[in-house]
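Here's the letter readout for the chains.
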Amino acid sequence: MAANRLEVEAQEFVRIPETLYNHWFKPIREEIQAKMRLWIWHRYKNNIELFWKHRARILETPELFFAPVPLAVGGVRPLCLGVMIQAWSEHPELFTVSCPDCRASMLIYNLYGLPNAGGYASAVCPDCGRQLLDFTDGQLLSRAKMLNRLCDRYMEDDNISGDLSALEGVIARLENQNRNY
């Protein structure tokens, strides 16, 4: 067995060197993680209305508040659901836009691009469901700065777990609460 760099121990376990293990399983693990991130992203963006409807409960319940969201903005610490609710509620001038269909406030749930170039955003209307995808209004840097301020105000680095699957638990709890109404 030594010829192929594997060792069989007396208990019949196979000991695989870490470099060989990574060579075999790293691509598979990365593919699974990418699929998981994409799945969580779709669950996040498709439940913005649910989060908004239950914003009071999210703000008062730490395990809901600190659920991580899959939004990564350059220069901004990891974000949680409570910070997004606070951004929409306290800073509508930066985190909402007017819905072209019903004139309600659309919630900006996605930000990306280069801050100096203005960046892009996507928003959804919690009243009529209208989506605005990939619009630009030159506010990415202002939004990133405000998100950092909110992060500083509402949490410490260790409050957010890196486990994005916690968001799925939040969605399940809120959907269950919807059924009980």
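Higher on the page you've got the structure.
In this text, all values refer to a predicted model and were calculated from it rather than measured experimentally.

*Asks:* What am I meant to see in the overall build of the chain here?
*Replies:* The number of helices and strands found in the chain is eight helices and six strands. Helices (α) and strands (β) of the chain occur, in sequence order from the N terminus, as β-β-α-α-α-α-α-α-β-β-β-β-α-α. Partitioning the intrachain contacts of the chain with sequence separation of at least 6 by distance along the chain shows that 57% fall at a separation of at least 24. Surface exposure of the chain reaches about 10,600 Å², of which carbon and sulfur atoms provide 53%.

*Asks:* Teacher, can you tell me more about the packing of aromatic side chains here?
*Replies:* In the structure shown here, the tally under the stated rule is nine aromatic pairs. Each ring, one from Tyr-21 and one from Phe-25, has its centre 4.8 Å from the other, and the planes form 45°; the classification is tilted. In this pair, Tyr-21 and Phe-25 are both assigned in helix H1 (residues 18–45), four residues apart and thus about one turn of the helix distant. Measuring from ring centre to ring centre gives 6.2 Å for Trp-41 and Tyr-109, while their planes differ by 40°; the resulting arrangement is tilted. Of this pair, Trp-41 sits in helix H1 while Tyr-109 sits in strand S4 (residues 105–112), and the two are 68 residues apart along the sequence. Taking relative accessible area as the criterion, Trp-41 reaches 17% and is therefore assigned buried. The exposure class of Tyr-109 is buried, given its relative accessible area of 2%. Put simply, the rings of Trp-41, Tyr-44, Phe-51 and Tyr-109 touch in pairs and so form one group of aromatic residues. Taking the ring centre of Trp-52 as reference, the NZ or CZ of Arg-55 above it sits at 4.0 Å.

*Asks:* I keep staring at the pattern of salt bridges and nothing clicks. Help me out?
*Replies:* Between side chains of opposite charge, a pair can form as their charged atoms come close. Inspection of every chain in the model, using the stated rule, returns eight salt bridges. Residues Glu-168 and Arg-43 are paired through a salt bridge, measuring 2.8 Å at the closest nitrogen-oxygen approach. With a gap of 125 residues between them, Glu-168 in helix H8 (residues 165–179) and Arg-43 in helix H1 connect regions that are remote in the sequence. Residue Glu-168 is classed as partly exposed on the basis of its relative accessible area, which comes to 22%. A salt bridge links Arg-153 to Glu-90, with the shortest nitrogen-to-oxygen separation between them at 2.7 Å. Taken as a pair, Arg-153 in helix H7 (residues 140–154) and Glu-90 in helix H5 (residues 81–90) lie far apart in primary sequence, 63 residues in all.

Quick notes on the rules
- Residues numbered from 1 in each chain as written.
- Predicted model: local features only at pLDDT ≥ 70, side-chain atom pairs only at ≥ 80, totals over all residues.
- Heavy atoms only, no water.
- Helix = DSSP H or I, 4+ residues; strand = E, 2+ residues; numbered from the N terminus.
- Contact = heavy atoms within 4.5 Å.
- Areas by Shrake-Rupley, 256 points an atom, 1.4 Å probe, with all protein chains shown as cover.
- Phe/Tyr/Trp six-rings, centres within 6.5 Å; stacked < 30°, edge-to-face > 60°.
- Buried < 20%, exposed > 50% of the residue type's maximum accessible area, 1.4 Å probe, protein only.
- Lys NZ or Arg CZ within 6 Å of the ring centre and 35° of its normal.
- Salt bridge = Lys/Arg side-chain N within 4 Å of Asp/Glu carboxyl O.

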